[in-house]
Amino acid sequence: MITGTTKLLGVIGHPVEHSLSPVMHNAALGKLGLNYVYLPFPIEPQNLQQALDGFAAIGVVGFNATIPHKQAIIPLLSEIEPIAQAVGAVNTVIRQDDKWIGTNTDVEGFIAPLRSRGEDWSQIVAVVLGNGGAARAVVAGCTQLGCASVKVVGRNLQKLQEFRESWKDSPLEVNLQVYQVDSLPQIIPKANLLINTTPIGMYPKIENSPLNPELFAHLPKGAIVYDLIYTPSPTKFLQYAANTGATAIDGLEMLVQQGAAALKMWVRRETVPVDVMRQTLQQQLY
Ligand code: NAP
């Protein structure tokens, strides 16, 4: 029930109508019995500063940032956590002592289903398909896990080189190499952890895969294949992976866990109802 003391959370984006965060967070807040509401805020890029000032004026406690604000918001915030600096993007903002603090929970979200496996990552070669925004969180995540190296594969040489250069001053010590897609036949046999960060195979183009079945046959034994996409589940990419006996992980858990990490900070709780968040998303999506 919204009352005179209800506190405000939300997500800014443009567009933001598609966001699943309101339904996920409001379900969790309801379960916790906390008097908060999480709303979608469609903010056009030129109105970002005005929106921040307005949020401060009306006492917004925190919010998520999605496309196109994840990078643009950085210079407008009072402090940026090291992990968000490393990734070069903020997805979560917290109001603290009249300041806006920016952080990035995508890295924690990405790592969560891997860390729960309790593996020794020091011998693991991670191969990342795509070099966009999500790939940055994945590279940071693989580095935090302690992977031996991270190989990023893309289709545009200039973007790949810019991607590699962008990690040079990072607070994270990243062991990163970049490759064009025609190198995949040489790289796939080394990929103990293979991650798709491209939108290839996402609904409605569900027949597409960023990797063909022939290449899957060359994955090392015991490989883990992770697709950041969560609709459909499984994607064609994960179906091919499962057919070769690899462990398949879809993007739903990353979505849940990045949200849980943000919610813990906003409501200052050690735990939040992750099961409720996951179930709510599953009901919405599938
Ligand atoms: P992005 O910044 O646009 O990056 C997309 C990357 O994919 C770029 O490197 C792009 O290559 C490449 N790409 C796109 N279409 C391609 C094609 N047809 N062939 C080859 N490469 C292609 O997008 P993003 O924000 O990183 O998101 C990527 C995916 O991750 C989306 O499906 C998104 O839903 C998913 N995601 C999931 C979560 C989660 O919580 N599970 C979180 C974030 C993102 P160029 O650079 O050459 O254009």
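Right, let's walk through the structure included here. (Residues numbered from 1 in each chain as written. Predicted model: local features only at pLDDT ≥ 70, side-chain atom pairs only at ≥ 80, totals over all residues. Heavy atoms only, no water.)

### Section: helix α6 (residues 133–145)
(1) Moving on: For α6, which comprises 13 residues, the first-to-last C-alpha distance of 19 Å matches the rise-based estimate of 18 Å (1.5 Å per residue) to within 8%.
(2) Moving on: In terms of burial, α6 is largely enclosed, as ten of its 13 residues are buried. (Helix = DSSP H or I, 4+ residues; strand = E, 2+ residues; numbered from the N terminus. Expected span 1.5 Å × (residues − 1). Buried < 20%, exposed > 50% of the residue type's maximum accessible area, 1.4 Å probe, protein only.)

### Here's the deal with the pattern of salt bridges
Two side chains bearing opposite charge may form a pair once their charged atoms approach each other closely.
(1) Moving on: Tallied over the full model, the rule gives seven salt bridges.
(2) Moving on: The closest approach of N and O atoms between E165 and K168, which form a salt bridge, is 3.0 Å.
(3) Moving on: Of the residues examined, E165 reaches a relative accessible area of 40% and is grouped as partly exposed.
(4) Moving on: Through salt bridges with shared partners, a single ionic network connects E253, D275 and R278. (Salt bridge = Lys/Arg side-chain N within 4 Å of Asp/Glu carboxyl O.)

### Focus on the environment of M254
(1) Moving on: Take M254: it is sitting in helix α11 (residues 252–267).
(2) Moving on: Taking relative accessible area as the criterion, M254 reaches 9% and is therefore assigned buried.
(3) Moving on: Separated by 20 residues in the primary sequence, M254 and P234 have C-alpha atoms spaced 15 Å apart.
(4) Moving on: Beyond its immediate sequence surroundings of up to four residues, M254 is in contact with D106, G109, F110, Y226 and L228. (Contact = heavy atoms within 4.5 Å.)

### Concerning the site of the ligand
(1) Moving on: The environment of the ligand is made up of 19 residues, and the closest members are N131, G133, A134, L228 and G251.
(2) Moving on: Between the ligand and G132 there is a distance of 3.2 Å, counted from an oxygen atom to a backbone nitrogen or oxygen.
(3) Moving on: Protein contact buries 71% of the 930 Å² of open area that the ligand shows by itself.
(4) Moving on: Every element with two or more residues in the shell around the ligand is listed here: α6 and α11.
(5) Moving on: Along the lines of polarity and charge, the residues of the shell around the ligand split into nine nonpolar, eight polar and two charged. (Near = heavy atom within 4 Å. Polar contact = N/O pair within 3.5 Å; in protein donor to acceptor, adjacent residues only side chain to side chain. Areas by Shrake-Rupley, 256 points an atom, 1.4 Å probe, with all protein chains shown as cover. Nonpolar A, V, L, I, M, F, W, Y, C, P; charged D, E, K, R; others polar.)

### Details of unusual backbone geometry
(1) Moving on: The omega angle of the peptide bond from Y203 to P204 is 10°, so this bond is cis rather than trans.
(2) Moving on: With respect to the helices and strands, P204 occurs in the loop between β10 (193–196) and α9 (213–216).
(3) Moving on: Residue P232 follows T231 across a cis peptide bond; omega there is 0°.
(4) Moving on: Structurally, P232 is set in the loop between β11 (224–227) and α10 (236–243).

### Overview of the pairing of strand β1 (residues 7–13)
(1) Moving on: Across the seven residues of β1, six count as buried, placing the element largely inside the fold.
(2) Moving on: You can see the chain leave β1, run along helix α1 (residues 21–32) and come back into strand β2 (residues 36–42), and the turn it takes is right-handed.
(3) Moving on: One ladder, built from four bridges, connects β1 with strand β3 (residues 62–65); its direction is parallel. Bridging from a neighbouring strand, G10 pairs with F63 of β3. (Right-handed = clockwise from strand over helix to strand, strands pointing away. Pairing = 2+ DSSP bridges.)

### Topic: the sheet that holds strand β7 (residues 125–129)
(1) Moving on: Strand order across the open sheet formed by six strands is β9-β8-β7-β10-β11-β12, with parallel pairing between neighbours. For this open sheet the edge positions go to β9 (176–180) and β12 (247–249), each flanked by a neighbour on one side alone. Mean inter-strand twist for the sheet, computed between neighbouring axes without regard to direction, equals 20°.
(2) Moving on: Here four bridges tie β10 to β11, and the two strands are oriented parallel to one another. Bridge pairing in β11 links L194 to V225.
(3) Moving on: Along the sheet, helix α7 (residues 157–165) makes contact with β8 (149–154) and β9, crossing β9 at roughly 175°. (Axes fitted to C-alpha atoms, helices over the stretch in contact; angles between N-to-C directions.)

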